[in-house]
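Overview (structure and organization)
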Amino acid sequence: MAIGVFGGTFDPIHIGHLRTGLELCEHLGLDEMRFMPCGDPPHREPPGTPAGHRLAMARLAIEGESLLRVDDREVRREGLSYSIDSVAHLREEIGARVPLCLCVGLDSLVNLNTWHRWRELADYAHILVAVRPGWSRPETGEVADWLAGRRVDDARQLLQSPAGGVHITEMTLLPVSATEIRDALAAGRSIRYLTPNSVIDYIRDHNLYRS
Ligand code: ATP
């Protein structure tokens, strides 16, 4: 058993998140990838959409795909949604031996040293990094130094241990963002094909993202 966890605001979830989650899962041979919508993100403005809706859309989006799951712990938890709390709780649940991979975009890795108790993340999980166009790997500074001893280039080797490695992988990330979806909806434009139809129906039925 090996588990991936993919955090974000998911306001709303879209095909960029879904494809990346699935491809990372297949690339590493994970048994499941959990999308974990945050409640109150520490690094950005609170999402405009209540957590219950973001969670419901994530659940609809993954329906029928057995490798994908939704984890609601950050929404249920009070206060800021720190990833370190989530991976620590997950580790407690799954036990010491199951490999756990925290997925982040390269944009997040570059700024990892601004995360709460960032060095401790690797005590609980591997860090799985998807390279996002426009961002390059950190070459100098404390994140680069921290990375140096943790890089695992062979994906299969990563799952030989439960935590502690950093694996960076290039993949074709679909050029979609939640901001673009919110803007399109506010302007009355179609979002067809940017997110599953079940999410589009939910947005319509709940009058979300209207200007
Ligand atoms: P926003 O436009 O509101 O900032 P977003 O589309 O970037 O949202 P988030 O919920 O903020 O989505 O991102 C969650 C995670 O998904 C982050 O790790 C981010 O790097 C990643 N991500 C965002 N867009 C894509 C995409 N098109 N393909 C792959 N990963 C993505």
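The text that follows walks through the structure, step by step, so that each part is easy to find.

Now for helix H4 (residues 83–94). Given a rise of 1.5 Å per residue, 12 residues ought to cover 16 Å, and the 16 Å separating the end C-alpha atoms of H4 matches this to within 8%. Among the residues of H4, those classed as buried are Ser83, Ile84, Ser86, Val87, Ala88, Leu90, Arg91 and Ile94. On its buried face, H4 sits against strand S1 (3–8), strand S2 (32–37), helix H3 (73–76), strand S4 (100–105) and helix H6 (121–124).

Once that is clear, we can look at unusual backbone geometry. Glycine aside, the phi torsion of most residues is negative, and most peptide linkages are trans. Pro12 follows Asp11 through a cis peptide bond whose omega is 0 degrees. Of note, Pro12 is situated in the loop between S1 and helix H1 (15–28). A positive phi angle, near 50 degrees, is found at Phe10, a position not held by glycine. With respect to the helices and strands, Phe10 occurs in the loop between S1 and H1. Phe10 gets classed as buried once you look at its relative accessible area, which sits at 1%.

Side chains that are nonpolar tend, in soluble globular proteins, to be buried together. Ranked by internal contacts, the top residues of the largest apolar core, which has 39 residues, are Ile13, Leu30, Met33, Phe35, Ile191 and Ile203. Sorting the residues of this core by element identifies H1, S2, helix H2 (51–62), S4, strand S5 (126–131), helix H8 (155–158), helix H9 (178–186) and helix H10 (197–205) as the ones contributing at least two each. It is H1 that contributes the most residues to this core, 5 residues altogether. When near neighbours in sequence (up to four residues on either side) are disregarded, Phe35 contacts Phe6, Phe10, Ile13, His17, Leu18, Gly21, Ile62, Leu68, Arg69, Val70 and Asp71. Core analysis: the second largest hydrophobic core is formed by 27 residues, Ile84, Leu90, Ile94 and Trp118 among them.

In the vicinity of the ligand there are 20 residues, among which His14, Leu174, Val176, Ala178 and Thr179 approach most closely. A distance of 3.4 Å is found between a nitrogen atom of the ligand and a backbone nitrogen or oxygen belonging to Gly16. Protein coverage of the free-state accessible area of the ligand, which is 600 Å², stands at 88%. Judged by its atoms lying within 2 Å of the grid points, the ligand is housed in the largest pocket. Looking at the shell around the ligand, the elements with two or more residues in it are S1, H1 and H9.

What follows is about the pattern of salt bridges. All chains considered together, the criterion is met by 15 salt bridges. Across the salt bridge formed by Asp71 and Arg34, the nearest N and O atoms sit 3.0 Å from each other. One end of the pair, Asp71, is in the loop between strand S3 (68–70) and H3; the other, Arg34, is in strand S2, and 37 residues separate them in sequence. Accessibility assignment for this pair places Asp71 and Arg34 in one class, buried. Close ionic contact of Asp201 with Arg204 constitutes a salt bridge, the shortest N to O distance being 3.4 Å. Here Asp201 pairs with Arg204, and both are found in helix H10, just 3 residues apart, close to one helical turn. With relative accessibility at 33%, the residue Asp201 sits in the partly exposed group. Each of Glu32, Arg34, Arg69, Asp71, Arg73 and Glu93 takes part in a single network of salt bridges with overlapping partners.

About the thresholds
Residues numbered from 1 in each chain as written. Predicted model: local features only at pLDDT ≥ 70, side-chain atom pairs only at ≥ 80, totals over all residues. Heavy atoms only, no water. Helix = DSSP H or I, 4+ residues; strand = E, 2+ residues; numbered from the N terminus. Expected span 1.5 Å × (residues − 1). Buried < 20%, exposed > 50% of the residue type's maximum accessible area, 1.4 Å probe, protein only. Contact = heavy atoms within 4.5 Å. Core = buried A, V, L, I, M, F, W, Y, C linked by side-chain atoms within 4.5 Å. Near = heavy atom within 4 Å. Polar contact = N/O pair within 3.5 Å; in protein donor to acceptor, adjacent residues only side chain to side chain. Areas by Shrake-Rupley, 256 points an atom, 1.4 Å probe, with all protein chains shown as cover. 1 Å grid on protein atoms, 1.4 Å probe; cavity = no way out; pocket = protein on both sides within 12 Å on 5 of 7 lines; lining within 4 Å. Sits in = over half its atoms within 2 Å of the grid points. Salt bridge = Lys/Arg side-chain N within 4 Å of Asp/Glu carboxyl O.

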